[in-house]
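Understanding the architecture of this molecule
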Amino acid sequence: MATVQQKSSGQRFMIRNADWRTYQSLLAAIGDRPVRITYDKGALELMSPSDVHERLKKLIDRMLVTLCEELEIAIRSQGSMTFSRRELDRGLEPDECYYIQHEAQLRGRDEIDLDVDPPPDLAIEIDISRSSLNRMQIYDSLGVPEVWQFDGDSLRVHVLEDEGGYAEVNESLAFPMVPIAALKQHLARRNQTDEISWIRELRVWIRKTLRNT
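What comes next is a walk through the structure. Note that the structure is a prediction, hence the values are computed from the model and not measured. (Residues numbered from 1 in each chain as written. Predicted model: local features only at pLDDT ≥ 70, side-chain atom pairs only at ≥ 80, totals over all residues. Heavy atoms only, no water.)

Topic: the side chain of aspartate 61
- The residue aspartate 61 is located in helix H2 (residues 51-71) in this model.
- Despite its burial, aspartate 61 remains without a salt bridge, the nearest opposite charge being carried by lysine 58 at 4.2 Å.
- Side-chain polar atoms of aspartate 61 contact the side chain of tyrosine 98, separated by 2.6 Å.
- Those residues in contact with aspartate 61 that sit more than four places away from it in its chain are Glu96 and Tyr98. (Helix = DSSP H or I, 4+ residues; strand = E, 2+ residues; numbered from the N terminus. Buried < 20%, exposed > 50% of the residue type's maximum accessible area, 1.4 Å probe, protein only. Lys, Arg positive; Asp, Glu negative; His and termini not counted. Salt bridge = Lys/Arg side-chain N within 4 Å of Asp/Glu carboxyl O. Polar contact = N/O pair within 3.5 Å; in protein donor to acceptor, adjacent residues only side chain to side chain. Contact = heavy atoms within 4.5 Å.)

Laid out in structure tokens, this is it:
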């Protein structure tokens, strides 16, 4: 059974009772097209991101990479790589993801094998259109340590707890020196100037506030 949801924030297409082979076939067929696929034990959702969704994910990506540049933190960007584990019967694609704490472990390699390599340290979720599936539960089962959610208004940072499940926190695992409240304030100013000036303002704040501490 398939259903379609059309929203201003993107189009979603849901397939029920899909098996793992169907999921893998769709991944191969879609390739690099701008479609996100979430699979959760037979429920398969395809999402075509809107222009707003894509703009917000790009801004957060630029903000995060700027933090790494200015604070001299090594990073490996993995974009919207597919996380999938057959034994869990689950898989998804984040909007962006990064290796930060484990960057050195994977340095010098182009390909990642999640059967042996750790999952990315940080994933970004642009949450302006709610998924029909529990993506946070899938991240939990895949062992992603940290997920940032942004709904266009609020940035929420979630950290995976030892006993499972995510807790919303005020301090990032990847950037413990960065006040999350300050990032929220900077994101709120994204439409007050051009993008280059917005990033320049962030750099100035980092140099004055974080690099001199």
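Focus on helix H4 (residues 135-142)
- Those residues of H4 lying buried are Arg135, Met136, Ile138, Tyr139 and Leu142. The buried residues of H4 occupy an angular sector of 160° when projected down its axis, which confines them to one face.
- If you check the start of H4, you find a side-chain oxygen 3.3 Å away from the backbone N of methionine 136, and it comes from asparagine 134.
- Positive phi shows up at glycine 143, right after H4, with a value of about 80°. (Arc of directions from axis to C-beta.)

Some remarks on the environment of isoleucine 199
- Inspection of the secondary structure assignment puts isoleucine 199 in helix H6 (residues 195-209).
- We classify isoleucine 199 as buried; its relative accessible area is 4%.
- In this structure, the C-alpha to C-alpha distance between isoleucine 199 and glutamine 185, residues 14 residues apart in sequence, is 13 Å.
- If we skip the residues at most four places from it in the chain, isoleucine 199 touches Arg62, Met63 and Thr66.

Regarding the sheet that holds strand E5 (residues 76-77)
- Taken in spatial order, the six strands of this open sheet run E5-E8-E9-E10-E11-E12, and their pairing is mixed. Lying at the two open borders of the sheet, with one neighbouring strand each, are E5 and strand E12 (166-169).
- Sheet analysis places strand E9 (residues 122-126) next to strand E10 (residues 146-150), joined by five bridges and oriented parallel. Across the sheet, residue leucine 122 finds its bridge partner in E10, namely glutamate 146.
- Contacting strand E8 (96-99), E9 and E10, H2 runs over the sheet at an angle of about 150° to E9.
- Packed on one face of the sheet, H4 meets E9, E10, strand E11 (155-160) and E12 and runs near 170° to E9. (Pairing = 2+ DSSP bridges. Axes fitted to C-alpha atoms, helices over the stretch in contact; angles between N-to-C directions.)

Remarks on the pattern of salt bridges
- Counted according to the given criterion, the structure contains 14 salt bridges.
- With its nearest N and O atoms 3.7 Å apart, the salt bridge here joins lysine 57 to glutamate 96. Placement of lysine 57 in helix H2 and of glutamate 96 in strand E8 is noted, with a sequence separation of 39 residues between them.
- A salt bridge links glutamate 70 to arginine 203; the shortest N-O distance between them is 2.7 Å. Linking glutamate 70 in helix H2 with arginine 203 in helix H6, this pair joins segments that are 133 residues apart in sequence.

Regarding unusual backbone geometry
- One non-glycine residue, asparagine 17, adopts positive backbone phi at about 60°.
- As for its position among the elements, asparagine 17 is in the loop between strand E2 (10-15) and helix H1 (20-30).
- Judged by its relative accessible area of 75%, asparagine 17 is exposed.
- The backbone of aspartate 89 shows a phi angle near 60°, a positive value even though the residue is not glycine.
- Structurally, aspartate 89 can be placed in the loop between strand E6 (83-85) and strand E7 (90-92).
- Exposure remark for aspartate 89: the relative accessible area of 25% places this residue in the partly exposed category.

So, the pairing of E12
- Here four bridges tie E11 to E12, and the two strands are oriented antiparallel to one another. Bridge assignment links leucine 160 to a residue of E12, and that residue is tyrosine 166.
- From the end of E11 to the start of E12, which pair antiparallel, there are five residues, and glycine 164 there has a positive phi angle of about 100°.

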